[in-house]
Amino acid sequence: MNSERKDQILRVVFEVIEKLKRQLEAGLDRQVIDFDLLPTDLDAIATSLGLKVKSEENLNGSTPLASETLGAIDRKRKEILIAGGKKHTRQRFTFAHELGHFLLHDQLVSYREVLAPSEAGDPANRPAIEQEADFFAAELLMPAQSVRRVFTQYFGGPIDGTVASDDIAHFLSQRPHRPFSASEIVRLGKHERAKLFA
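Residues numbered from 1 in each chain as written. Predicted model: local features only at pLDDT ≥ 70, side-chain atom pairs only at ≥ 80, totals over all residues. Heavy atoms only, no water.

Points about the overall build of the protein
Stage number 1. The number of helices and strands found in the protein is nine helices and four strands.
Stage number 2. Going from N to C terminus, the protein has its helices and strands arranged as α-α-β-β-β-α-β-α-α-α-α-α-α.
Stage number 3. The buried share of the protein, reckoned over its 198 residues, is 37%.
Stage number 4. By element, 52% of the accessible surface of the protein is carried by carbon and sulfur atoms, the whole surface being about 11,600 Å². (Helix = DSSP H or I, 4+ residues; strand = E, 2+ residues; numbered from the N terminus. Buried < 20%, exposed > 50% of the residue type's maximum accessible area, 1.4 Å probe, protein only. Areas by Shrake-Rupley, 256 points an atom, 1.4 Å probe, with all protein chains shown as cover.)

Notes on the environment of E18
Stage number 1. Looking at where E18 falls in the secondary structure, it is placed in helix α1 (residues 3-27).
Stage number 2. Its relative accessible area of 24% is what places E18 among the partly exposed residues.
Stage number 3. Separated by 19 residues in sequence, E18 and L37 have C-alpha atoms that sit 9.8 Å apart.

Here's the deal with the nonpolar core
Across soluble globular proteins, nonpolar side chains show a tendency to be buried alongside one another.
Stage number 1. L42, I45, I80, F95, L99, F136 and L140 are the most contacted members of the largest nonpolar core, which has 23 residues in total.
Stage number 2. Where this core is concerned, the elements lending two or more residues are α1, α2 (42-48), β3 (79-83), α3 (88-104) and α5 (128-141).
Stage number 3. For L99, the residues in contact, after removing those within four places along its chain, are L42, I45, A46, L49, L51, I80, F136 and L140. (Core = buried A, V, L, I, M, F, W, Y, C linked by side-chain atoms within 4.5 Å. Contact = heavy atoms within 4.5 Å.)

Let's talk about the pattern of salt bridges
Stage number 1. Scanning the entire structure with this criterion turns up three salt bridges.
Stage number 2. Among the ionic pairs, E132 bridges to R5, the shortest N-O distance being 3.0 Å. Of this pair, E132 sits in helix α5 while R5 sits in helix α1, and the two are 127 residues apart along the sequence.
Stage number 3. When the shortest N-O distance is used, the salt bridge between E79 and K54 registers 2.8 Å. On the criterion of sequence distance, the pair formed by E79 in strand β3 and K54 in strand β1 (residues 52-56) is long-range, its members being 25 residues apart.
Stage number 4. Of the residues examined, E79 reaches a relative accessible area of 6% and is grouped as buried.
Stage number 5. Residue classification places K54 among the partly exposed positions, given a relative accessible area of 39%. (Salt bridge = Lys/Arg side-chain N within 4 Å of Asp/Glu carboxyl O.)

Observations regarding the confidence of the model for the protein
Stage number 1. The share of residues in the protein with pLDDT of 70 or more is 63%, and the mean pLDDT across the chain is 76.
Stage number 2. Considering only residues more than four positions removed or in separate chains, one finds that residues 62-66, a stretch of pLDDT under 50, has six contacts. (pLDDT = per-residue confidence, 0-100.)

Points about the packing of α1 against α5
A pair of packed helices can be characterised by two numbers: the angle between their axes and the separation between those axes.
Stage number 1. Relative to each other, α1 and α5 sit at 40°, their axes nearing to 10 Å. Comparing their axes, α5 and α1 come out oblique. When you trace α1 past α5, the crossing you get is right-handed. For the pair α1 and α5, the contacting residues are R5, K6, I9, L10, V12, V13, V16 and I17 in the first and E132, F135, F136, E139 and L140 in the second. (Axes fitted to C-alpha atoms, helices over the stretch in contact; angles between N-to-C directions. Parallel < 35°, antiparallel > 145°, perpendicular 65-115°, else oblique. Left-handed = near helix turned anticlockwise from the far one by under 90°.)

Structure representation (structure tokens):
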């Protein structure tokens, strides 16, 4: 994917987030700040697009060589299908990925990616539209500009995870899911630390 296409996708993400921000501000009596937008409310985005989201246990169909299918879109029915029984983080990424297909790829009427097992492990082998939907999902779930501002506001700058901080540990210990200690944060890999905020 070239830089021009990445910029186009970033503009679409920005428009989606700005629309979400306006919706939130309409329901609040104050200006929405970046922290209000994280984690990204995917359900609100789908609703604003008139999309229904369904969870189904088996999206694989009957293709014997297919790898696991995690999501699908049906533009005619205005539906996004998400494979059930997966980790919450996997389902959120798939949801965002399918929103990316819906917003970026008008030519897809009904789409379910089916990869041969040899293609499933290497992102470089995936079709361009799949790479674009992945990029869209990553940026929608962790909008770089918003995340930078939140981290700067709460921690004085980006977190590289190499230094344990009382502020970071306190913030993560207040999370509604599972609290984390500073020592646990330091042991996490870069991607695992990013997932904490997704």
